[in-house]
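Here are the chains, one letter per residue:
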Amino acid sequence: IKTLQSLIEDVLIEVAKLNPLMACMFRLSGSEREGTKVIATNEIDSLCVMLAITFDKFHLPTEASHHVLKEFVKLKCKDEYRDELQSVLDSNGYLSRGKLFQNYGATLSKILADPKLWLKYPNLQRISKKDITGSIATITPLMVRWHDDVYAHLEVSIDMVPAIDIPDWKPSWASEHHLL
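Quick look at the structure, then. (Residues numbered from 1 in each chain as written. Predicted model: local features only at pLDDT ≥ 70, side-chain atom pairs only at ≥ 80, totals over all residues. Heavy atoms only, no water.)

**Focus: the overall build of the protein chain**
Logical step 1: Helix and strand content of the protein chain: 5 helices and 5 strands.
Logical step 2: In the protein chain, the succession of helices and strands from N to C terminus is α-β-α-β-α-α-α-β-β-β.
Logical step 3: In the protein chain, buried positions account for 40% of the 180 residues.
Logical step 4: Considering only contacts in the protein chain between residues 6 or more positions apart, those separated by 24 or more positions represent 55%.
Logical step 5: Accessible area for the protein chain stands at about 10,400 Å²; split by element, carbon and sulfur atoms hold 53% of it. (Helix = DSSP H or I, 4+ residues; strand = E, 2+ residues; numbered from the N terminus. Buried < 20%, exposed > 50% of the residue type's maximum accessible area, 1.4 Å probe, protein only. Contact = heavy atoms within 4.5 Å. Areas by Shrake-Rupley, 256 points an atom, 1.4 Å probe, with all protein chains shown as cover.)

Here it is in structure tokens:
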């Protein structure tokens, strides 16, 4: 797990250099963070908390954007940040998931294609070499193979999910929806 965390952190350092708008901070998530994984690490979930696209650059959502799935909100950019965030906003000034993931995926594809990155990790081999620019929808589809004396060919899925930290905000409808 420490090697995979190190790989993700190295990738995120390169993300910040290549595209400062996509700069992220690594936050371990899922069963590895909770300490509930009972089998060999076959998946690592990481939240990549955006550092340049922050919640304070958007108006506070006043209502859910979906009548049933109330955990979804639309974030409207404040006017003073529109130029800075233009590449991830839709034509109405809302944060666009599609544009965010396209920028994030394009940046990650360039970094993951660099053979120098993988030289630092002799126990890891990237399985999928496809460009993820257009195919990323919610997570990074990155598969690696781990080699050592114990695991000869352990396949591991690395899910790097871009996330926006939302400090000190809870929507009025949160008590109605337990999955928020």
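**Observations regarding the state of the cysteines**
Logical step 1: Inspection of every chain in the model, using the stated rule, returns 0 disulfides.
Logical step 2: Considering cysteine sulfurs only, C48 is the nearest to C24, which forms no disulfide, with 5.1 Å between them.
Logical step 3: Under the relative-accessibility criterion, C48 is labelled buried at 0%. (Disulfide = S-S within 2.5 Å.)

**Description of the sheet that holds strand 5 (residues 154-163)**
Backbone hydrogen bonds hold the strands of a sheet together, and the pairing may be parallel or antiparallel.
Logical step 1: If you trace the 5 strands from one edge of the open sheet to the other, you get 1-2-5-4-3, paired in mixed fashion. Because the sheet does not close on itself, it has two edges, and the strands there are strand 1 (24-29) and strand 3 (124-126). In this sheet, neighbouring strand axes are inclined to one another by 30° on average, regardless of whether the strands run parallel or antiparallel.
Logical step 2: Two elements, strand 1 and strand 2 (residues 43-50), share 6 bridges in a ladder whose sense is antiparallel. Residue S29 lies in a different strand from strand 2, and its bridge partner there is D45. (Pairing = 2+ DSSP bridges. Axes fitted to C-alpha atoms, helices over the stretch in contact; angles between N-to-C directions.)

**Topic: the packing of helix 1 (residues 2-18) against helix 4 (residues 97-112)**
Logical step 1: The interhelical angle for the contact between helix 1 and helix 4, taken along N-to-C directions, is 120°, at an axis separation of 10 Å. Of the two possible hands of crossing, helix 1 and helix 4 adopt the one that is right-handed. When helix 1 is examined against helix 4, the residues V11, E14, V15 and L18 are found in contact with a partner set consisting of T107, L108, K110, I111 and L112.
Logical step 2: Residues that form the contact of helix 1 with helix 4 fall into these classes: 6 nonpolar, 1 polar and 2 charged. (Left-handed = near helix turned anticlockwise from the far one by under 90°. Nonpolar A, V, L, I, M, F, W, Y, C, P; charged D, E, K, R; others polar.)

**Regarding the packing of aromatic side chains**
Logical step 1: Summed over all chains, the structure comprises 0 aromatic pairs.
Logical step 2: The ring of Y94 is capped by K74, whose NZ or CZ atom sits 4.5 Å from the centre of that ring.
Logical step 3: Directly above the aromatic system of Y94 lies the positively charged group of K76, at a separation of 5.0 Å from the ring centroid. (Phe/Tyr/Trp six-rings, centres within 6.5 Å; stacked < 30°, edge-to-face > 60°. Lys NZ or Arg CZ within 6 Å of the ring centre and 35° of its normal.)

**Digging into the pattern of salt bridges**
Logical step 1: This model, assessed by the stated rule, comprises 5 salt bridges.
Logical step 2: For R27, the salt bridge identified is with D165, shortest N-O distance 3.8 Å. Here D165 lies in the segment after strand 5 and R27 lies in strand 1, a separation of 138 residues in the sequence.
Logical step 3: Its relative accessible area of 39% is what places D165 among the partly exposed residues.
Logical step 4: Among the salt bridges present, the one from E84 reaches K57, with a minimum N-O distance of 2.4 Å. Within this pair, whereas E84 is found in helix 3 (residues 82-85), its partner K57 is found in the loop between strand 2 and helix 3, the two being separated by 27 residues in sequence.
Logical step 5: The exposure class of K57 is buried, given its relative accessible area of 11%. (Salt bridge = Lys/Arg side-chain N within 4 Å of Asp/Glu carboxyl O.)

**Quick look at the side chain of R145**
Logical step 1: The topology assignment puts R145 in strand 4 (residues 142-146).
Logical step 2: R145 has contacts with N123, L124, Q125, I127, H153, L154 and E155, leaving out every residue within four places of it along the chain.

**Description of the environment of I166**
Logical step 1: Residue position: I166 is located in the segment after strand 5.
Logical step 2: Note on I166: relative accessible area 36%, which makes it partly exposed.
Logical step 3: Distance in space between the C-alpha atoms of I166 and D56 is 8.6 Å, their sequence separation being 110 residues.

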